[in-house]
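# Understanding the architecture of this molecule
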Amino acid sequence: MIKNAIFFYYRNDPIVKDYFFKCALKAEDFLNMKEDIVKTHISDSNCNFAYLDSVEFPKHNIKSLLLIYSHGDAESFYKTGDSCPFICKKIPNESSIKGGLVYTNACKTGEEFGKNIVAQDGSFYGYCAEVKIFLSHEEHFIECDNYGLFRLVQGDTLKEAKNRAKEKFNEKIDLLTKVHPNSVVAAQLRKARDNLVIYGNLNNPFL
Amino acid sequence: MKKIEIVFIDDNLKETSPTLIRLRKNYNVSLHSNSNEGLDYVLNNNAKKIIVVLDIGFPFGEDSGDQILLKIRKTNKLIPVIIWSALRLSEELAIKFINNQTLYFIPKTKHDELRHCIDAAAHRINIDVATNIELWLEQQNNKDQTLFISSTGKSMSANDLIHEIRMETQEGRDLEADILQLTVDLLFRGKEEI
């Protein structure tokens, strides 16, 4: 079982403001249900290779849960902003990845980035397409982004967690098409649901 | 549901024309004898469900029908435009109208055919996904406020989205496709076996 969790996020992203931070807080709430998990937060200006390589990663030579709440593309997750941009194509510390899990809401990372995690003997949970967030309905997106993690904390395998997350997406889609109609938002949740991907160890619990 | 508006831009037509009187039973109808005023009206009423019925020839100093069509298409590719004219089209003019998404071309003498084509255009408006998304977005409060942000960093307001839909850009088409896929999902989810 994984006993080490590392959070990556930006508290005040120039584009999505505190969305990633709120996601990380929600994730931390879920992980707090497990008392024996050590949690490390890496945020804002600490998201840079010099800090990670010299200070942070040497402390994490065990398989880990990497929670990445960030912008992303097919090959990387990244931080925007002029002062301290950061692009990560590969997690530098292989020992944290081996047997570990990368859980992310970063767009498109399910394409190449996620497959590279598997090449490092890790597992991956994330999206393989661009995911739009409606800030007017961010609570639904935060909940759906994190529901897979909630299920993992409950002891589900990656495969079970993904299926349960899809049910959560369906619940929100139904809410937004029947109870409080907003089909444009529901359409984006449908798109996110259908672009959720998992790779690696699918059939054994991580937490 | 609000009535669709038929916007006639025609310098020969009178308010008392039997065609307009008949159409008023089912539609709101406005008539603009000056083509430039008609264009302004169309551009200022993008947020309504409108169909434009456009003549080609206008007096010196006013834009011709093909120029009006081009100006409409620079801001909105969704508005159905019907050309209703007594002029015989040259090949060059016909290509211009076709390439700028003219829905029908009807000779001025064919009043019944015009009504039939207006009914068909109205049906298209009512079932067209892009048009209906556009109208929904138009009803939003604070249309300049950021409506959604993608985690690739793209952010858009309702007004940005309206523009993308009207100009049939990739973003607008993606949104249209997303809504259609949602519709299919809602119809068939959990019903894999019919």
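Below is a summary of the structure that appears in this document.

So, how was this worked out
- Here the residue numbering is sequential within each chain, running from 1 through the sequence in written order.
- Starting at A for chains and at 1 for ligands, labels are handed out in the order in which the entities are written.
- Only residues with pLDDT of at least 70 get local features here, since the model is predicted, and only at 80 or more are side-chain atom pairs given and counted; chain-wide, interface and lining totals rely on the full set of residues.
- Working from all heavy atoms in the structure, the side-chain values ignore hydrogens and water.
- For this analysis, residues touch if any pair of their heavy atoms sits within 4.5 Å.
- Two parts lose some accessible area (1.4 Å probe) when they are put together, and adding that loss for both gives the buried area.
- The term salt bridge refers to a pairing of a side-chain nitrogen on Lys or Arg with a carboxyl oxygen on Asp or Glu at a separation within 4 Å.
- Think of a polar contact as two N or O atoms within 3.5 Å of one another; within protein, one of them needs to be a possible hydrogen donor and the other a possible acceptor, and neighboring residues in sequence only count if both atoms come from side chains.
- Numbered from the N terminus, helices here are DSSP runs of H or I no shorter than four residues, and strands are runs of E no shorter than two.
- Residue type decides the class: Asp, Glu, Lys and Arg count as charged, Ala, Val, Leu, Ile, Met, Phe, Trp, Tyr, Cys and Pro as nonpolar, and the leftover types, Gly among them, as polar.
- When DSSP finds at least two bridges between two strands, those strands are taken to pair.
- Angles shown run from 0 to 180 degrees and are taken between the N-to-C directions of axes, each axis being a line fitted to C-alpha atoms and, for helices, limited to the stretch in contact.

## A word on the interface of chain A and chain B
Of the residues lining the interface, 30 residues belong to chain A; the matching set on chain B comes to 20 residues. Between chain A and chain B, roughly 2100 Å² of surface is buried when both sides are summed, and carbon and sulfur atoms account for 60% of that area. On the chain A side of the interface with chain B, the three residues burying the most area are A:Lys132, A:Val184 and A:Arg190, jointly 25% of the side's total. In this assembly, chain A and chain B are joined by 4 salt bridges. The tally of links between chain A and chain B comes to 5 residue pairs in polar contact (both at pLDDT 80 or more). Among the elements of the structure, strand 4 (71-72), strand 9 (132-134), helix 6 (158-179) and helix 7 (183-194) of chain A are those that each provide at least two residues to the side of chain A that touches chain B. Looking at the side of chain A that touches chain B, the element that brings in the most residues is helix 7 of chain A, giving 8 residues. Taken together, the residues of the side of chain A that touches chain B break down into 14 nonpolar, 10 polar and 6 charged.

## Observations concerning the sheet that holds strand 8 (residues 123-127) of chain A
Residues and elements named next belong to chain A. The 6 strands are arranged 2-1-3-7-8-10 in an open sheet whose pairing can be described as mixed. Two strands in the sheet have a free side with no partner beyond their single neighbour: strand 2 (38-43) and strand 10 (196-199). When the angles between neighbouring strand axes are averaged without regard to direction, this sheet yields 15°. The sheet contact formed by strand 8 and strand 10 spans 4 bridges and is antiparallel.

## Some thoughts on the sheet that holds strand 5 (residues 77-79) of chain A
Residues and elements named next belong to chain A. With antiparallel pairing, the 3 strands of this open sheet are ordered in space as 4-5-6. Sheet topology places strand 4 and strand 6 (86-88) at the edges, where each strand pairs with a single neighbour. When strand 5 meets strand 6, the two strands line up antiparallel, connected through 3 bridges. Within strand 6, the residue paired with Tyr78 across the bridge is Ile87.

## Some remarks on the side chain of A:Asn195
All names here are of chain A. Within the secondary structure, Asn195 is located in the loop between helix 7 and strand 10. Within the local environment of Asn195, its side chain forms a polar contact with the backbone oxygen of Lys191, the two atoms lying 2.7 Å apart. When sequence neighbours within four positions are dropped, the list of residues in contact with Asn195 reads Gly126, Tyr127, Cys128 and Ala129.

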